[in-house]
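# Report on the structure
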There are 2 protein chains.
Amino acid sequence: MKKRNIDEINKKSLALHLKHKGVFSVASKTAINNMSDLSLVYTPGVGAVSSFVVKNKDKTRDYTMKGNSVAVISDGSAVLGLGNIGPEGALPVMEGKCLLFKKFANIDAVPIVLNTQDTEEIIKTIKAISPTFGGINLEDISAPRCFEIEKRLKEELSIPVMHDDQHGTAIIVLAGLLNALKVVKKKIESVRVVISGAGAAGTAITKILLLAGVRNILVLDRSGIIHKNRADITAEKAELASITNSDNKTGTAIDAFVGADVFVGVSGPNLVNPEMIASMNKDSIVFTLANPVPEIMPDLALKAGARIVATGRSDFPNQLNNAQVFPGVFRGALDNRVNKITDEMKIKAAHEIAKLIKKPTEQNIIPKIFDKRLAKTVAKVIK
Amino acid sequence: MKKRNIDEINKKSLALHLKHKGVFSVASKTAINNMSDLSLVYTPGVGAVSSFVVKNKDKTRDYTMKGNSVAVISDGSAVLGLGNIGPEGALPVMEGKCLLFKKFANIDAVPIVLNTQDTEEIIKTIKAISPTFGGINLEDISAPRCFEIEKRLKEELSIPVMHDDQHGTAIIVLAGLLNALKVVKKKIESVRVVISGAGAAGTAITKILLLAGVRNILVLDRSGIIHKNRADITAEKAELASITNSDNKTGTAIDAFVGADVFVGVSGPNLVNPEMIASMNKDSIVFTLANPVPEIMPDLALKAGARIVATGRSDFPNQLNNAQVFPGVFRGALDNRVNKITDEMKIKAAHEIAKLIKKPTEQNIIPKIFDKRLAKTVAKVIK
């Protein structure tokens, strides 16, 4: 796809949504053309299905939508790069996510946006509606509430729960990094990584990279490098400080970049300048993932010396987007009746995605979103 | 449709649900075949829609699924004739309802079953998920909780809320009665009506018939005629006693039938015998609506002297089912941006449904479920 004017895309998207009243729709898996058809999906026939699943609760997933459905739930507190815009603003994004679930993994996903941002109320609401669904995909919920909400729901529900902004992003970043390291011939144990953004995505990326073998990570927030002696940080950031930055390095983003091998940006537009890229080690890897405007534009990063650049966007090479991940994760969880998506599964998924590119190059470290192998490959290891 | 063996229907329904994992499915209103399509339903284009609706909240219904969607919500406490079978048992029925919404009114309805039966928790949960939907259709929630839940949600939400088991049923019963009275040439003001069942449906039918002009109603529960001096009744039944049975008649169901013109059964199987029908006035009207097994089978009622018989089933003439009503009610509410469905609208809807039958006869008092005029006709008066 060629670069396109974002204004034109926006105009087209608005027109499309207005024409159809959104993009999400409902369909029947079976034709209803006469009373005979109706008697099977509605009374009296449906009563037999109800009676059967009540007596055989473990068969509910075989006889109802629960076997193939996921709720895509947001409170609208951290939507795209738009921030805390509430449920109305989140709804178009959740509709789009649901279409991707259908397109890439044939999952019947339902958008649910909430008019509460209270942690306990969100947990209660999701638990109350959970019998309907075979999985819960949390979206666009801001940190630190997203950590508690996901943790509690994983403990208290017997269906898989995943906060996509955390783990979808973390899996695709690890997959991209594995292939990028092959291209530049560096080892995961020896690279120094700078992560910009200590919210949902940054935290999950940090944790998965550590589990995957990275030893040296600096995490940046708005105030600079996160370290153990910073007085201004939350409990979640204090945890990050305890598992990263073992040298207890202090300073600004500029200081962090000097001598780094890998940059992963999940923060905001234009936070990185060419000088910072130029100060990185040779053969540097730059994942500038803020959407739609990245931390640094790819052409600037390449000119400043980066060898491999990836973005979250579809109009540049090497798109890293959780859309490459979440359909397959839930396809696997539903098919394999997985109730908890574990760290081991996530790391395996990243390795399997990376392996789909036989010979990674600077311009080709990751399968494209429309690559049909993606969901199947990921689904196989979520077991 | 000929009478069919219920066992055969049940077997077919079970096989159909197993084959597809339920019957509810999700679809896209637009093709997603390439990155260009994707850029409109997902990032970056969808961001423009999010930003727009946040700045123009009143346009949310024009640009998102909210404009054409209804949540079909049950706690599984009063499912069909099966009783309190919980959310798993309710799910197949809610899926079926959603397909009827789509088939008859092109509404994108989403099943939601709840794992709580606590009134306050149900209200909170529905309020929390309400930004997603343009309407709330409550289903199969037992009395008396259904009254409080519907009342509170109507007060506290700005989208239409309807408990279908109450009002869908009440509207179709009134429509059928209007035409049945034309056939037997009796006036609504002068008939004596016996209603069996003082739950959700019976209460709503009583209230709509009184508003429509009926003056003389006896309501029956398991203990017989409801009257003001009964010590054993709930607040809701005491209210029924205060608006019906002005002669303060006491006694059993057998006593109630003597000299009645109309019977409406929304109670349970085989509660009425031929002798009770025979004791009614000449040209009696018998709506024996318990599903799937009615209070009395139509052939028995006719043999005992009933002139017009209706059931809730599709395999007999004169099917009275809320499926003839709820799609049109919500189609109208969505199209006309109605936030409260009022008694006036319901009564108008019943009259308009009745008028669709130009010359009512004993075997033809009501349009069939597949009559395409139904939803359109009802929708027009929900404004």
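Heads up: these notes are all about the structure in this document. Keep in mind that this is a model prediction, so the values were computed, not measured.

### Structural notes on the pattern of salt bridges
Residues and elements named next belong to chain A. Overall, the coordinates contain 50 salt bridges over all chains when judged by the stated rule. Between Lys12 and Glu8 there is a salt bridge; the shortest N-O distance is 3.7 Å. Taken as a pair, Lys12 and Glu8 lie in helix H1 (residues 6-20) at a separation of four residues, close to a single helical turn. Using a relative accessible area of 39% as the deciding quantity, one classes Lys12 as partly exposed. Residue Glu8 is classed as partly exposed on the basis of its relative accessible area, which comes to 37%. Lys97 is the salt-bridge partner of Asp164, the closest N and O atoms lying 3.1 Å from each other. Of the two residues, Asp164 sits in helix H8 (residues 164-184) while Lys97 sits in helix H5 (residues 86-105), which places them 67 residues apart along the sequence. Of the two residues, Asp164 and Lys97, both sit in the buried class.

### A few points about the relation of the copies chain B and chain A
Structural alignment of chain B on chain A gives an RMSD of 0.0 Å, achieved by rotating through 180 degrees and translating 0.0 Å along the axis. Interpreted geometrically, this transformation is the action of a two-fold axis. Residue Val26 of chain B, judged by its C-alpha, is the member of chain B lying nearest the rotation axis, at 2.3 Å. Taken together, the interface assignments show that 100% of the residues at the interface of chain B recur at the interface of chain A, consistent with an identical surface on both copies.

### Some thoughts on the packing of aromatic side chains
Counted under the stated rule, the structure contains 10 aromatic pairs over all chains. An angle of 70 degrees between the planes, with centres 5.7 Å apart, marks the rings of Phe101 of chain A and Phe330 of chain A as edge-to-face. A residue pair is termed long-range when its members are at least 10 positions apart, and Phe101 of chain A in helix H5 and Phe330 of chain A in helix H14 (residues 326-335) qualify at 229 residues. Of the two residues, Phe101 of chain A and Phe330 of chain A, both sit in the buried class. Between the aromatic rings of Phe257 of chain B and Phe263 of chain B, the centroid separation amounts to 4.8 Å while the plane-to-plane angle is 35 degrees, which identifies the pairing as tilted. Taking relative accessible area as the criterion, Phe263 of chain B reaches 0% and is therefore assigned buried. Following the ring pairs from residue to residue traces out a cluster consisting of Phe101, Phe326 and Phe330 of chain A.

### Section: the interface of chain B and chain A
With 96 residues of chain B in contact, the opposing surface of chain A contributes 97 residues. Of the roughly 8800 Å² buried where chain B meets chain A, counting both sides, 71% is carbon and sulfur surface. At the boundary of chain B and chain A, one finds 39 residue pairs in polar contact (both at pLDDT 80 or more). Elements supplying a minimum of two residues to the side of chain B that touches chain A: helix H1 (6-20), strand E1 (24-28), helix H2 (35-41), helix H3 (46-55), helix H4 (60-63), helix H5 (86-105), strand E3 (108-113) and helix H6 (119-129) of chain B. In terms of residue class, the side of chain B that touches chain A is built from 49 nonpolar, 32 polar and 15 charged. With five bridges connecting them, strand E1 (residues 24-28) of chain A and E1 of chain B associate as antiparallel partners. Each bridged residue has a counterpart across the sheet, and for Val26 of chain A the counterpart in E1 of chain B is Val26 of chain B.

### Description of the packing of helix H9 (residues 200-211) of chain A against helix H10 (residues 235-243) of chain A
All names here are of chain A. Running from amino to carboxyl end, H9 crosses H10 at an angle of 25 degrees, the nearest separation of the two axes being 11 Å. Overall, the two elements H9 and H10 adopt an arrangement that is roughly parallel. For the pair H9 and H10, the sense of crossing is left-handed. Between H9 and H10, the residues in contact are Thr203, Thr206, Lys207 and Leu210 and Glu239, Leu240 and Ile243, respectively. When the residues that make up the contact of H9 with H10 are grouped by side-chain class, the tally is three nonpolar, two polar and two charged.

Conventions adopted
- Residues numbered from 1 in each chain as written.
- Chains lettered and ligands numbered in written order.
- Predicted model: local features only at pLDDT ≥ 70, side-chain atom pairs only at ≥ 80, totals over all residues.
- Heavy atoms only, no water.
- Salt bridge = Lys/Arg side-chain N within 4 Å of Asp/Glu carboxyl O.
- Helix = DSSP H or I, 4+ residues; strand = E, 2+ residues; numbered from the N terminus.
- Buried < 20%, exposed > 50% of the residue type's maximum accessible area, 1.4 Å probe, protein only.
- Least-squares fit on C-alpha atoms with pLDDT ≥ 70 in both.
- Contact = heavy atoms within 4.5 Å.
- Phe/Tyr/Trp six-rings, centres within 6.5 Å; stacked < 30°, edge-to-face > 60°.
- Buried area = accessible area lost by both parts, 1.4 Å probe.
- Polar contact = N/O pair within 3.5 Å; in protein donor to acceptor, adjacent residues only side chain to side chain.
- Nonpolar A, V, L, I, M, F, W, Y, C, P; charged D, E, K, R; others polar.
- Pairing = 2+ DSSP bridges.
- Axes fitted to C-alpha atoms, helices over the stretch in contact; angles between N-to-C directions.
- Parallel < 35°, antiparallel > 145°, perpendicular 65-115°, else oblique.
- Left-handed = near helix turned anticlockwise from the far one by under 90°.

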